[in-house]
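This is what each chain is made of:
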Amino acid sequence: MHKFTFRDTTMSFYKDGSATGPPDFVQDLKDCQIVPEVDIRKGKYILHIKPPGDKKYQVLFADKEEFCQWTAACRLASKGKPISDSTYESEIEMVRSMANMQEHS
């Protein structure tokens, strides 16, 4: 399993599933486009990350709450704000509301 860590506005990716060595990939999320996707029929929560340029990344979540927290953190980071920002909790609530609406549609 792969592992991701988040610090300030930067997400780090580790292929081996541990965060003990240097990351395999690092992406500063400032100015990235963050697009959440909920596919209830398939039980998937997907976070699309599109940095400026041609690259695109997808992060898959099996758990809705984890998806909401990461999506909120990435949205804030794309605006240059860390998760310690006072709007983090309200951002989680907005993502949770969006996910709940898609579950019931």
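Residues numbered from 1 in each chain as written. Predicted model: local features only at pLDDT ≥ 70, side-chain atom pairs only at ≥ 80, totals over all residues. Heavy atoms only, no water.

Caption draft 1: How the structure looks around the overall build of the protein. Broken down by element type, the protein carries two helices and six strands. For the protein, the sequential pattern of α-helices and β-strands runs β-β-β-β-β-β-α-α. In terms of C-alpha radius of gyration, the protein reaches 14 Å, essentially the compact-globule figure of 13 Å for 105 residues. With respect to the three principal axes, the spread of C-alpha positions in the protein is 40 × 30 × 30 Å. (Helix = DSSP H or I, 4+ residues; strand = E, 2+ residues; numbered from the N terminus. Rg over C-alpha atoms; globule rule 2.2 N^0.38 Å.)

Caption draft 2: How the structure looks around the packing of aromatic side chains. Tallying each qualifying case throughout the model produces seven aromatic pairs. Aromatic pair Y45 and F67: ring centres 5.4 Å apart, planes at 40 degrees, arrangement tilted. With Y45 in strand 5 (residues 44-50) and F67 in helix 1 (residues 64-78), the pair connects residues that are 22 residues apart, well separated along the chain. The two residues Y45 and F67 agree in class, both being buried. Each residue in the set F4, F6, F13, Y45, F61, F67 and W70 is aromatic and connected to the rest through ring pairs, giving one cluster. (Phe/Tyr/Trp six-rings, centres within 6.5 Å; stacked < 30°, edge-to-face > 60°. Buried < 20%, exposed > 50% of the residue type's maximum accessible area, 1.4 Å probe, protein only.)

Caption draft 3: Representation of the layout of surface pockets in the model. Taken as a whole, the largest pocket encloses approximately 210 Å³ of empty space. H2, F4, L60, F61 and E66 are, among the 10 residues lining the largest pocket, the residues nearest its centre. Counting residues per element, the lining of the largest pocket draws most heavily on strand 6 (residues 57-61), which supplies three residues. In the lining of the largest pocket, the residues fall into seven nonpolar, one polar and two charged. (1 Å grid on protein atoms, 1.4 Å probe; cavity = no way out; pocket = protein on both sides within 12 Å on 5 of 7 lines; lining within 4 Å. Points joined across faces, edges and corners; volume = space filled by probe spheres on them. Nonpolar A, V, L, I, M, F, W, Y, C, P; charged D, E, K, R; others polar.)

Caption draft 4: View of the pairing of strand 1 (residues 3-7). In the sheet, strand 1 pairs with strand 2 (residues 10-14) via five bridges, with the strands oriented antiparallel. If you follow K3 over to strand 2, its bridge partner there is Y14. The antiparallel hairpin formed by strand 1 and strand 2 contains two residues in its connecting segment, where D8 sits at a positive phi of about 55 degrees. (Pairing = 2+ DSSP bridges.)

Caption draft 5: Molecular detail of the sheet that holds strand 1. The strand order 1-2-3 describes an open sheet built from three strands, whose pairing is antiparallel. The open sheet terminates on both sides in strands that have one partner only, identified here as strand 1 and strand 3 (25-28). Taken pair by pair, the neighbouring strands of this sheet meet at an average axis angle of 20 degrees, ignoring direction. (Axes fitted to C-alpha atoms, helices over the stretch in contact; angles between N-to-C directions.)

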